[in-house]
Structure formats: C-alpha cells, structure tokens
Amino acid sequence: MPEPMGFYTDTTVCIGCKACEVACKEWNQLPATNGGRSKLSGDSYDNTRRLDGIHWRHVKFIEQFDAERRQGRWLMMSDVCKHCVRAGCLEVCPTGAIIRTEFDTVVIQSDVCNGCRDCIGACPFGVIDINPVSGTAQKCTLCYDRMRAGMTPACAQACPTASINFGPIRELKQKAQARVEQLHGRGERGAYLYGADEKMLGGLNSFYLLVDKPEVYGLPPDPKMPTRNLKRGSLWSALGAVVVGVVGLISLRSRRDVNV
Amino acid sequence: MSSTFFTEPPHWRWLIILYFFIGGLAGGCYFLASMIDLVGRPTDRPLARLGYLIAFPAVVVCGILLIADLGRPERFWHMLLQSATWRPMLKTYSPMSFGAWGLLVFSAFAFLSFLGALGEDERRHRFSFLRPPSVIGTIVSALGGLAGFFLASYTGVLLAVTNRPIWSDTTLLGAVFLVSSASTSIALLMLLGSRRVFLVGGLRALARFDTFVLVLELITLVALVVSLGSLARVWLSAWGALLLLGVVGIGIIVPLILEVRAHSPLSASARAAAVLVLVGGFLLRVVIVLSSEAI
Ligand code: SF4
Ligand code: SF4
C-alpha cells in the first residue's frame, strides 16, 4: 500500500498565472464553460470564480485594497478538493461512487455516480458540482490516473513557482512547517497552516499555507461532517412522530359524536 | 459566520420540492389511514380506504420525480444495488441511501394496502385480507404506518445531513416536515371526504386532530427559527415574508380560525381551511429548499 499522498499549497508564492487551472482542464479534458462563450466577471481579474464540475482547480484572487486603492495586496490561492481524511462527500454518497483510493485520496467514479447531487451540499468546501457533459458529479481526482503511473498531477507539474507541492503527506508537512517558521522569522507573523493537522476533518490531504483568516480565502473556519446532525435530527423526528401518533390516536378514539 | 456559508447548493429545486410535498402526503395519508383502521370506528373505514388509495399512486409519482431529477436517470438503481457487483447498496448513516430503501419498503406496503382497499364496497373481495381487521392486514397497516412516518420525516433529516446553510444549521427539519405532512394529509383526507355526509363523524375527529397538529406545527416552526439562532436573519428577506405570511398566516393561522368557526367538517369554510393548509405545506417546502439554494 502506497503512503498517503497529497498537495501542500504555499499561497505566498502563488502568482495567479492559472497554469494549474489550464493544465488540469487539459489533462482531464474538461469542456469550456458555455461552449467557450464565457462572460467576464466584471469585478475581478478572475473569471473562473468557483470550483465546479468542469473546473477542478481554481486560482482565487483575493483583492484587498483600501477605499482609495492606494494601499493593498493580492492574495492568490489555487483552490482544489481537499481530499479530506474524513470526507463529507464520501460519507453521504448513496451509490458508492465516491471512494477512497490506495493513495488516501477521494475519487468520484463517474461511471457509478447517478447525479443525485447529495455530495455537492455535503462537501464543507463547496468543491463538487455536476459536469454538464457527463451529467455526473465531478471534482479533482488528484490525477489518480497519473499517480498510478508514478507521475506528478498535472497542476503541480505545471506550477512555475512551486506553490503547489505534491508528495507524501508526511514529507509535505515537514516542508510546510519549515516554511511557516521561515516566514515567521522574516516577520510574516500571520503565516499558518490550514488543514495540516488532524483536528480539521482528520486532516486535509490538500492543505494550505495562508497569511490571513480562512474566511478571507473563502474557506470555512470550522468545517464539519454532515452526519453530525444525523442522530439529533432522527431523534427529533421520532419524537415528532410519537407526538403526532398519540394526538391522532386520542382524537380518533375519544369521540362524543357517536351518533351523528 | 457559520461554516455552512462556504458551500455550494446541490440544485435541488422544483422536482425535489414537489417530491418533499407529495412524499409527505403519501406517508401522511398512509399513517392516517392505518391509525383510522387500527383504532377508529368501523364507520370511518371509507376514510382509511381513501388514505390508502392516495398513498400508493402518490408514492409512484414520488419515484418518477426522484428519477427525473437525477443527472443520469437511467442509473437510478445504483442507489439500491452496487453497479459493479449487484450487491445491495446501503449506507445506514446516509439519509439519501437509507431513504431510498425506506421509500422502496414504504412503496411495498402502500401497494399491498392499495390492493386491500380497492374493492371495499363489495365487503369481501380477493384482497380484503390485506386490510385490518385481518391479522395480515393489521400487520401490513401497522408496519406500513411506521414506514409512512419515516417517509414523512427523513427528507428533513436528509437536508440536515449536509453542510448547507439553514438545512444543516438546525436538527429540527425532520420534525417540521413530519408535522407538516400530518397537517397536509389530514387536510387532503378532509377535503376529499367532505362530500360524503355519512363520514361526518370521522371527519369531525380528523378536524379535531388537525387543530392539534396545526398548533403543533406552529410550535415546531417557532422552535426551528429559535434553533437557527442568529442565522435566522437569512430569513429577513422575501423568504421570511413568505414563511410568515404564506406558511404561518395562510397555512396555519387562517385555517385554525376557519376550523374553529366551522360548524361542520362538511361546510365550505372547513373545505377552505383544508385547501389553505395544503397551500401552506407546499410553501413551507418551497421556503426551506429555495432559501438555502439561493445562498
Ligand atoms: S473537499 Fe469536499 S469534495 Fe474534496 S474530499 Fe473533502 S468533502 Fe469531498
Ligand atoms: S451525485 Fe454522484 S457522487 Fe455525488 S452523492 Fe450522488 S451518486 Fe454520489
């Protein structure tokens, strides 16, 4: 069994070139939006806007400027499926289409998925959506096909600044930790790792180095598993059923109007 | 901000809203019918029959809606069988998976009771053994009634077992849907039964039941809003207005007033109340589903 593999993305060196986005689309033969007649977003240099069934990588541009646009900075972050160790999408999928691979990554088998879309709402990161061509839910496979052949995923291969690092999780964590310390040493006190430890969904096999709050990057501060609500939801429903049942039995039983 | 606001909507729209509504009626009409059959008076049997006659066709419609909503309808059976091995596909902890089986089981009971209810007028007919008071009929009705309760509520749990705003920010949606299916199903039976004078006794009991259930629905809705805490501000919008005016006003308060005033369950105002309850139950599902989808 190979060891868990994944991505460590250092957002501080991302330059927003979107080479990863393009490489991903090329390798996975993902279609263009709206047959290539895509609209410009109009309020950002980013026109992809979000991950979905035909965008498995998305470089987010976070434009932090003051009102006069004198002071400011760009935060760039190449977003992708987090390949959660405890994955909400995998948990709810009723067809068994979503599986965990030998590399500890999460993959949707497109020939099994029937497009029920439960996984879309279950993913805490809004990663999955329907690919209109296949009619099934799709997302990053961490290039399962390439990995099987011992190759680096297309995005990491294409990244010119080594913002996207691919490798065994164990090594990536060491590398990331060293980088955080280096940044702290240089005065960037805000640098920290998002999803590198087990507290977040058992660990994200695609984790990030960030320099601002997760919300700023459009990442949930406290992602959770969908089944956290299962027990309570079922208990309240059962209680509702008991109350309705008892009220019903009493109403149907105790009748004054026998002879009407 | 709740972490649920960083997720994407699953595009569950009108087909799913319709399913939630009609599924609620199917489950609700069945459990009402089984309660009437099991504890009601013999004179109420036609009302129970009506419930069974609604439940099965309604659940067939549900199946069609659900299959039509899939991205790949021809693969609907992947919910029940693993497509590679043909072994059963069941995850007890996924409401979508468990619910697919629940729907199947309910459909089986609904079918049997439908057969049992077909020829009521001829007293004894080929399938009358499928309805109480026969032993088999009693077992079918009791188990089917439980499955009906399940069908009426699991959809709310299914919404809760996601990471979407509102849906997964409360655990009360299952209970809310269940109570609402009870009120809408009572309303439907009252409406369809209201032309038959000889059912007046049973209808009066149903009307009393409905009053209790509507009050219960009001309480669960208030509890729902409270359980959302500060997130309820999402409903400081057109959705909230629809919830307040449509679901609570038109669907609960006005019918309650009409029911209290109605001198007979056969009267026009009782019928109007029933129609409004049905409208309110539908709007409830519209608000719950679409107000989260819009985020
Ligand atoms: S990020 Fe979302 S899609 Fe990716 S494994 Fe986690 S839950 Fe699944
Ligand atoms: S859409 Fe496909 S992958 Fe997602 S939960 Fe449904 S069957 Fe599974």
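For the structure, check the block above.
Quick caveat: nothing in here was measured; it's all calculated off a predicted structure.

**Q** Help me understand the site of ligand 2 in this model?
**A** In the region of ligand 2, the neighbouring residues are Cys93, Pro94, Thr95, Ile98, Ile108, Cys113, Asn114, Gly115, Cys116, Arg117, Cys119 and Ala137 of chain A. Here the shell around ligand 2 is built from residues that sort into eight nonpolar, three polar and one charged.

**Q** Where do I start with the sheet that holds strand S8 (residues 164-168) of chain A in this structure?
**A** Adjacent strands of a sheet pair through backbone hydrogen bonds, lying either parallel or antiparallel. Residue and element names in this part refer to chain A. Strand order across the open sheet formed by four strands is S8-S1-S10-S9, with mixed pairing between neighbours. Each edge of the open sheet carries a strand with a single partner, namely S8 and strand S9 (192-194). Here the strands of the sheet are splayed against their neighbours by 25° on average, with no regard to which way each runs. As paired elements, strand S1 (residues 5-10) and strand S10 (residues 206-210) share four bridges and run parallel to each other. By the bridge assignment, Thr9 is partnered in S10 with Tyr208.

**Q** I'm lost on the pairing of strand S3 (residues 72-79) of chain A in this one. Help?
**A** The side chains of a regular strand alternate, residue by residue, between the two faces of the sheet. All names here are of chain A. With eight bridges joining them, strand S2 (residues 58-65) and S3 adopt antiparallel strand pairing. Among the inter-strand pairings, His58 is bridged to a residue of S3, identified as Asp79. With antiparallel pairing between neighbouring strands as the criterion, S2 and S3 make up a hairpin whose turn holds six residues, including Arg69 at a positive phi of roughly 60°.

**Q** Please explain the side chain of Ser185 of chain B as it appears in this structure.
**A** Residues and elements named next belong to chain B. Among the structural elements, Ser185 can be located in helix H5 (residues 173-193). Judged by relative accessible area, which is 0%, Ser185 ranks as buried. Within polar-contact distance, the side chain of Ser185 engages the backbone nitrogen of Cys29 at 3.3 Å.

**Q** I tried to follow the packing of aromatic side chains on my own but got confused; where do I start?
**A** Per the counting criterion, the structure on display carries 18 aromatic pairs over all chains. Aromatic side chains Phe103 of chain A and Tyr144 of chain A sit 6.0 Å apart centroid to centroid with 70° between the ring planes, which places their arrangement in the edge-to-face category. Of the two residues, Phe103 of chain A is situated in the loop between strand S4 (98-100) and strand S5 (106-108) and Tyr144 of chain A in helix H4 (residues 144-148); the sequence distance between them amounts to 41 residues. Relative to Trp86 of chain B, the ring of Trp77 of chain B has its centre 5.2 Å away and its plane inclined at 25°; by these criteria the two rings are stacked. Under the relative-accessibility criterion, Trp77 of chain B is labelled partly exposed at 26%. Judged by relative accessible area, Trp86 of chain B falls into the exposed class, the value being 57%. Among the aromatic residues, those joined into a ring-pair cluster are Tyr45, Phe61, Phe65 and Trp74 of chain A. Over the ring of Trp27 of chain A we find Arg146 of chain A, and its NZ or CZ is 4.6 Å from the ring centre. Stacked on the ring of Phe177 of chain B, the Lys or Arg Arg285 of chain B has its end atom at 5.1 Å from the ring centre.

**Q** Looking at this model, I keep getting lost on the packing of helix H2 (residues 45-69) of chain B against H5 of chain B. Mind explaining?
**A** Residues and elements named next belong to chain B. Where H2 meets H5, the axes come as close as 10 Å, and the angle between the chain directions of the two elements is 115°. Classified by chirality, the crossing of H5 by H2 is right-handed. Where H2 abuts H5, its residues Leu47, Leu50, Gly51 and Ile54 lie against Leu188, Leu189, Leu192 and Gly193. Residues that form the contact of H2 with H5 fall into these classes: six nonpolar, two polar and no charged.

Conventions we followed
- Residues numbered from 1 in each chain as written.
- Chains lettered and ligands numbered in written order.
- Predicted model: local features only at pLDDT ≥ 70, side-chain atom pairs only at ≥ 80, totals over all residues.
- Heavy atoms only, no water.
- Near = heavy atom within 4 Å.
- Nonpolar A, V, L, I, M, F, W, Y, C, P; charged D, E, K, R; others polar.
- Pairing = 2+ DSSP bridges.
- Helix = DSSP H or I, 4+ residues; strand = E, 2+ residues; numbered from the N terminus.
- Axes fitted to C-alpha atoms, helices over the stretch in contact; angles between N-to-C directions.
- Buried < 20%, exposed > 50% of the residue type's maximum accessible area, 1.4 Å probe, protein only.
- Polar contact = N/O pair within 3.5 Å; in protein donor to acceptor, adjacent residues only side chain to side chain.
- Phe/Tyr/Trp six-rings, centres within 6.5 Å; stacked < 30°, edge-to-face > 60°.
- Lys NZ or Arg CZ within 6 Å of the ring centre and 35° of its normal.
- Left-handed = near helix turned anticlockwise from the far one by under 90°.
- Contact = heavy atoms within 4.5 Å.

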